[in-house]
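Chain by chain, the residues:
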Amino acid sequence: MTPIQTTKMSNFRWVICALLFLATTINYMDRQVLSLTWKDFIAPEFHWTDGDYGTITGMFSLFYAIANLFAGKFIDWMGTKKGYLIAIFVWSLGAVLHAGCGWVAMTFEGYDSVAQLGQLTGDAAVAIATISVWLFLSCRLILAVGEAGNFPAAIKATAEYFPKKDRAFSTSIFNSGASVGALAAPATIPLLARAWGWEMAFIIIGALGFIWMGLWAWLYDKPAKNPRVNQAELNYIEQDNDLAEAQDRENMKEEKTIPFFQCFTYKQTWSFLVGKFMTDGVWWFFLFWAPAYFSDQYGYTSDSAMGIALIFTLYAIVTILSIGGGYLPTYFVDKKGMNPYLGRMRAMFIFACFPVLGLFAQPMGAYSAWWPAILIGLLGAGHQAWSANLFSTIGDMFPKSTIGTIVGLGTMAGGIGSMSINLGSGKFFDWAAAQGANFQFFGFEGKPAAYMVVFCICAVAYLIGWCIMKALVPKYKPIELD
């Protein structure tokens, strides 16, 4: 149905952007329930070590990486509306299923109540730790498969509803849902866990996804078919299209796409993969380990007032500062006359310098726990601004029919990077704690020294990634299909 043209342009594209923001917020809250409950609620019950938690987070990242190999193609195949609905249903189901892990472990090992599990010792404790890790891995697998669809679907929806010049800004808005979710999580999840148990925290947060499904089914359709989008807004959305593309818009299935394996023949693909591999793991490390870091190093549990305040402050900094990240390349394009790619890469270099502040987080922690919270927050803000622009490079370079596939491949690369840093960190922290004074680094010893090592890796990852990306694609070069 052709929208009715009016003199004033409708702004329904921002409603779609709000829905993408909400979905990403829910996505990250579901992901963070475990990080905010494992150290102080789940680990005592199941006898987990840092290595156990590192295995769960690392394998989640691997599951997520593998799922992303297919997620983008799945979204391209199913379409944005159906694909997004299926994705959020699967990950919400996986989130809720975590709540049953204690009961299943208790039943499998033949105990009368979950409360007994925390009192076990010796081989019995090892058995419970082992079975519980496998149960959580199963739930994380389901969660990962569903969550893999979020960014391919969101980026595809952004490309459908926004012209190129607005995509970085709109992407930064919905991508800020990651930091908002991380901001809302510490203010709610530990309190839910303390009041009703960690199981209820998984159930309540997981149920939010099912509510979102109803909103998406009601409000979303492609711009040309959506009665809430008038002709003036449709013309604005399609300003990048030539006449022939606009005429073919009603039949998008006929648009040429790049075969899956052919994607790997383009340097533009490898540039995006490198950018994701080098930097996604940094964000996920702090997402998964920050609550445990403040608990381990400073004694502030996730449900304590100070623990909540530290994590909340960290992600408040991320949220406030990262939204403006999408505007900087627009400034370079509109005010400095740069092409979109050059402006984006200039902005990304600036954002790549923010994580260097992470080098000072551990040393400054000797004065106050607030310093690491602030510095990690600035690092995270740099990541979110970097990520928004990195995603937007796909829309600049690739045809719309292939965007979901490229996003999926890139997120797969990011998942592999995350698996490496999370799995490795868990084992590294256990080893460093056992070594004590025998392991020293930059004036720290034992586990604090291990944190310092990982912080140093995180601090330089973005600049290394930017240099490789610039070497692969030094100038703006969109892919053209015959």
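Note that this is a predicted model, so its numbers are computed, not measured. (Residues numbered from 1 in each chain as written. Predicted model: local features only at pLDDT ≥ 70, side-chain atom pairs only at ≥ 80, totals over all residues. Heavy atoms only, no water.)

**Some remarks on the overall build of the chain**
And step 1. When helices and strands are tallied, the chain shows 19 helices and two strands.
And step 2. Taking 23 Å as the expected radius of gyration for a compact globule of 482 residues, we find that the chain reaches 23 Å, a close match to that expectation.
And step 3. Seen along its three principal axes, the alpha-carbon backbone of the chain occupies a region of about 70 × 50 × 40 Å.
And step 4. Within the chain, the fraction of its 482 residues that count as buried is 57%. (Helix = DSSP H or I, 4+ residues; strand = E, 2+ residues; numbered from the N terminus. Rg over C-alpha atoms; globule rule 2.2 N^0.38 Å. Buried < 20%, exposed > 50% of the residue type's maximum accessible area, 1.4 Å probe, protein only.)

**Quick look at the packing of helix α1 (residues 12–46) against helix α5 (residues 122–147)**
To describe two helices that pack against each other, one gives the angle between their axes and the distance between the axes.
And step 1. Between α1 and α5, whose axes approach to 12 Å, the crossing angle comes to 175 degrees. Classified by the angle their axes make, α1 and α5 are roughly antiparallel. Contact residues: α1 offers Asn-27, Asp-30, Arg-31, Leu-34, Ile-42, Glu-45 and Phe-46, while α5 offers Ala-125, Ile-128, Ala-129, Ser-132, Phe-136, Arg-140, Leu-143 and Glu-147.
And step 2. Residue composition of the contact of α1 with α5, grouped by class: eight nonpolar, two polar and five charged. (Axes fitted to C-alpha atoms, helices over the stretch in contact; angles between N-to-C directions. Parallel < 35°, antiparallel > 145°, perpendicular 65-115°, else oblique. Contact = heavy atoms within 4.5 Å. Nonpolar A, V, L, I, M, F, W, Y, C, P; charged D, E, K, R; others polar.)

**Focus: unusual backbone geometry**
And step 1. Not every positive phi belongs to a glycine, and His-47 is a case in point at roughly 65 degrees.
And step 2. For His-47, the location among the structural elements is in the loop between α1 and α2 (50–78).
And step 3. Even without glycine at this site, Phe-442 takes up a positive phi of about 50 degrees.
And step 4. Here Phe-442 is to be found in the loop between β1 (440–441) and β2 (444–445).

**What about the environment of Ala-449?**
And step 1. Within the element layout of this structure, Ala-449 appears in helix α19 (residues 447–472).
And step 2. On the accessibility criterion, Ala-449 (0% relative accessible area) is buried.
And step 3. Separated by 18 residues in the primary sequence, Ala-449 and Cys-467 place their C-alpha atoms 28 Å from one another.
And step 4. In this structure, Ala-449 is in contact with Phe-439, Gln-440, Phe-441 and Phe-444, ignoring residues within four places of it in sequence.

**Re the pattern of salt bridges**
And step 1. Per the counting criterion, the structure on display carries seven salt bridges.
And step 2. Across the pair Glu-147 and Arg-31 runs a salt bridge, and its minimum N-O distance is 2.8 Å. You can see Glu-147 sitting in helix α5 and its partner Arg-31 sitting in helix α1, a full 116 residues away along the chain.
And step 3. Given a relative accessible area of 0%, Glu-147 falls into the buried group.
And step 4. One salt bridge in this structure joins Asp-50 and Lys-39, with 3.3 Å as the shortest N-O distance. Within this pair, whereas Asp-50 is found in helix α2, its partner Lys-39 is found in helix α1, the two being separated by eleven residues in sequence.
And step 5. The class of Asp-50 is buried, set by a relative accessible area of 5%.
And step 6. Here the residues in one salt-bridge network are Lys-39, Asp-50, Asp-296 and Lys-447, joined through shared partners. (Salt bridge = Lys/Arg side-chain N within 4 Å of Asp/Glu carboxyl O.)

**Considering the state of the cysteines**
Two cysteines whose sulfur atoms are joined by a covalent bond form what is called a disulfide.
And step 1. On inspection of all chains with the given rule, the structure shows zero disulfides.
And step 2. Cysteine Cys-101 shares no disulfide, and the gap to the nearest cysteine sulfur, in Cys-139, comes to 3.7 Å. (Disulfide = S-S within 2.5 Å.)

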